[in-house]
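What follows is each chain in one-letter form.
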Amino acid sequence: MKIVVYSSKKVNRHPTTAHLQYDISSFAECNTTSDLKLQFLEIHLDKTTLALAAGYDAVCIFVNDVCDAEVLEGLAKLGVKYIALRCAGFNNVDLESASRFGLQVVRVPAYSPDAVAEFAVGMIMTIVRKYHKSYTRVREGNFLLDGLLGFNLKGKTIGIIGTGKIGLLTGKILSRGFESNVIAYDLYHNDQAAEYGITYVDSLEEMLGKSDIVSLHCPLMESTKYMMNEKTLGQMKKGAYLINTSRGALIDSHALIGALKTGHLGAVGLDVYEGESAYFFADGSSKIIYDDNFARLLSFYNVFVSGHQAFLTVEALKNIADTTIDNLETLARGGVCQNVVKHNI
Ligand code: NAD
């Protein structure tokens, strides 16, 4: 099977930063025995780059590659049969169209929930205790503590939206590690929640009204797009903190800016942004940001943004490569892949 891997990062062989290597090296280490032929491309998949998939059986993509109806139709016409996501979320793939054009979609359902949960907790600590501000301040010889006042997480109420693999672990760390009062909202209750010290509330509104910090961990779907909007942001406690390590479009950015400008929200941590595909995973340091909402969010003193980094651990990259290779090998020999994503799942 021949696979073209879009949005792949270059190998970095510098001895002191070799641990920062991305997909190419992790895939090379995992793909030692299979007959899969992988061609790595740095560019994203979209309608302008799909022609590069000519002659390949599968395309392997990441979170910001575009797989809408137009791209899927184009890929099918080129003879591509499989879409292998090297991530858990599949909101960027039009599953209905994939099914219509006879393309099978596979993903990596859980490569390291711990990686994202630990990052989410780190992000909470960052905006609460302001590590990022003290780092830059001290490097400039400023040892003043003004503006660095935080609060203890012990005893604070932290609301988790979505208690799947990542939300559950995030709640566990906060409850068992920090002795926070962790409450959760989910359409389905997870049996392990009580064991991890997490208590469900009956409604999103109740959770938002009670929480000092809210952390988002549900997937992006039609039903969850902009779940944090003017109304629901308004239901949060005044001065509450909001964290999003899930998907950008769970939050209406315009409404978020409004809630920050009125001072309704105390601080915000974002690892994801609804328009991130135009900026993330690339060096834009000498480019203009044309997305005014994004630029405005970056300008707030109390907003911390990272570039979709929560997944990025050695362990997660290895698991992504292992599972993707396994998915593709199964498809190549005509087997039934456990990680197929079906329309209407
Ligand atoms: P999961 O499928 O295990 O859990 C998702 C949970 O959300 C489920 O319990 C589900 O019932 C719940 N849910 C669905 N709709 C809901 C709603 N309307 N209200 C409340 N809860 C709802 O997923 P996971 O592995 O925990 O991952 C969660 C999300 O994290 C993924 O969808 C992905 O978008 C994101 N993610 C981000 C990164 C990153 O690097 N930032 C990495 C991996 C995953």
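Residues numbered from 1 in each chain as written. Predicted model: local features only at pLDDT ≥ 70, side-chain atom pairs only at ≥ 80, totals over all residues. Heavy atoms only, no water.

1. Remarks on the sheet that holds strand 8 (residues 198-200)
Right, so step 1: Taken in spatial order, the seven strands make up an open sheet running 8-7-6-9-10-11-12, and their pairing is parallel. The sheet is open, and its two edges are formed by strand 8 and strand 12 (303-305), each paired on a single side. For this sheet, the mean inter-axis angle between neighbouring strands, taken without regard to orientation, is 20 degrees.
Right, so step 2: As defined by bridge partners, strand 11 (residues 265-270) adjoins strand 12 across three bridges and the pair is classed as parallel. Residue pairing for strand 12: Leu270 is matched across the bridge by Val305.
Right, so step 3: Of the strands in this sheet, strand 9 (213-216), strand 10 (240-244), strand 11 and strand 12 are in contact with helix 4 (residues 113-129), which crosses strand 10 at around 145 degrees.
Right, so step 4: The strands that helix 6 (residues 165-177) touches are strand 6 (157-161), strand 7 (181-185) and strand 8; relative to strand 6, the one it contacts most, it runs at about 170 degrees. (Pairing = 2+ DSSP bridges. Helix = DSSP H or I, 4+ residues; strand = E, 2+ residues; numbered from the N terminus. Axes fitted to C-alpha atoms, helices over the stretch in contact; angles between N-to-C directions. Contact = heavy atoms within 4.5 Å.)

2. Here's the deal with the packing of aromatic side chains
Right, so step 1: Per the counting criterion, the structure on display carries eight aromatic pairs.
Right, so step 2: Here the aromatic residues Phe62, Tyr111, Phe281 and Phe311 are joined through ring pairs into a cluster of three or more.
Right, so step 3: In this arrangement the basic side chain of Lys2 is found over the ring face of Tyr56, its NZ or CZ atom lying 5.2 Å from the centre.
Right, so step 4: Geometry around Phe300 places Arg296 over its ring, the cationic atom sitting 4.3 Å from the centre. (Phe/Tyr/Trp six-rings, centres within 6.5 Å; stacked < 30°, edge-to-face > 60°. Lys NZ or Arg CZ within 6 Å of the ring centre and 35° of its normal.)

3. Brief notes about the side chain of Ser180
Right, so step 1: Here Ser180 lies in the loop between helix 6 and strand 7.
Right, so step 2: What makes Ser180 buried here is its relative accessible area of 7%.
Right, so step 3: Residue contacts for Ser180: discarding those within four places in its chain leaves Leu153, Lys154, Gly155, Lys156, Ile158, Leu174 and Ser175. (Buried < 20%, exposed > 50% of the residue type's maximum accessible area, 1.4 Å probe, protein only.)

4. Points about the sheet that holds strand 1 (residues 2-5)
Right, so step 1: Pairing within the open sheet is parallel, and its five strands lie in the order 2-1-3-4-5. Whereas interior strands pair on both sides, the edge strands pair on one side only; in this sheet they are strand 2 (37-40) and strand 5 (104-106). Across the sheet, the mean angle from the axis of one strand to that of its neighbour is 20 degrees, orientation sign disregarded.
Right, so step 2: Taken together, the four bridges between strand 1 and strand 2 define a ladder with parallel strand orientation.

5. Topic: the domain arrangement of the protein
Right, so step 1: By domain assignment, the protein separates into domain 1 (2-111 + 314-333) and domain 2 (113-305).
Right, so step 2: Look at where the C-alpha atoms of domain 1 and domain 2 centre, and you get two points 29 Å apart.
Right, so step 3: If you look at the interface, domain 1 gives 11 residues, while domain 2 gives 10 residues.
Right, so step 4: A combined buried area of about 880 Å² lies between domain 1 and domain 2, and 57% of that area is made up of carbon and sulfur atoms. (Domains from an automatic or database assignment. Buried area = accessible area lost by both parts, 1.4 Å probe.)

6. Details of the site of the ligand
Right, so step 1: Taken together, 24 residues sit near the ligand, with Tyr111, Lys165, Ile166, Asp186 and Thr245 positioned nearest.
Right, so step 2: Within the backbone of Thr245, an N or O atom sits 2.9 Å from a nitrogen atom of the ligand.
Right, so step 3: In the model, an oxygen atom of the ligand is placed 3.3 Å from a nitrogen or oxygen of the Arg247 side chain.
Right, so step 4: Notes on the ligand: free accessible area 870 Å², of which the protein chains cover 87%.
Right, so step 5: Classifying every residue of the shell around the ligand by side-chain character gives 12 nonpolar, eight polar and four charged. (Near = heavy atom within 4 Å. Polar contact = N/O pair within 3.5 Å; in protein donor to acceptor, adjacent residues only side chain to side chain. Areas by Shrake-Rupley, 256 points an atom, 1.4 Å probe, with all protein chains shown as cover. Nonpolar A, V, L, I, M, F, W, Y, C, P; charged D, E, K, R; others polar.)

7. Considering the confidence of the model for the protein
Right, so step 1: Per-residue pLDDT for the protein averages 94, and the proportion of residues at 70 or more is 96%.
Right, so step 2: Within the protein, the element-level pLDDT minimum falls on helix 1 (residues 23-30), averaging 80, and the maximum on strand 9, averaging 99. (pLDDT = per-residue confidence, 0-100.)

8. A closer look at unusual backbone geometry
Right, so step 1: Of note, Glu179 is a non-glycine position whose phi angle comes to about 60 degrees, a positive value.
Right, so step 2: In this structure, Glu179 sits in the loop between helix 6 and strand 7.
Right, so step 3: For His308, which is not a glycine, the phi torsion comes out positive at approximately 55 degrees.
Right, so step 4: Along the chain, His308 falls in the loop between strand 12 and helix 11 (314-332).

9. Brief notes about the side chain of Asp65
Right, so step 1: With respect to the helices and strands, the residue Asp65 is situated in the loop between strand 3 (58-61) and helix 2 (69-78).
Right, so step 2: We note that Asp65 is buried and unpaired, the nearest opposite charge coming from Arg86 at a distance of 5.1 Å.
Right, so step 3: Only 2.7 Å separates the side chain of Asp65 from the side chain of Ser7, close enough to count as a polar contact.
Right, so step 4: Here Phe62 takes part through its backbone nitrogen, which lies 2.7 Å from a polar atom of the side chain of Asp65. (Lys, Arg positive; Asp, Glu negative; His and termini not counted. Salt bridge = Lys/Arg side-chain N within 4 Å of Asp/Glu carboxyl O.)

10. Let's talk about the pattern of salt bridges
Right, so step 1: One pass over the structure, following the stated rule, counts six salt bridges.
Right, so step 2: Of the charged contacts, one joins Glu206 and Lys210 as a salt bridge, the two residues approaching to 2.7 Å between their closest N and O atoms. Pair noted here: Glu206 and Lys210 are both in helix 7 (residues 204-210), with a separation of four residues, about one helical turn.
Right, so step 3: Looking at Glu206, the relative accessible area reads 28%, which means it is partly exposed.

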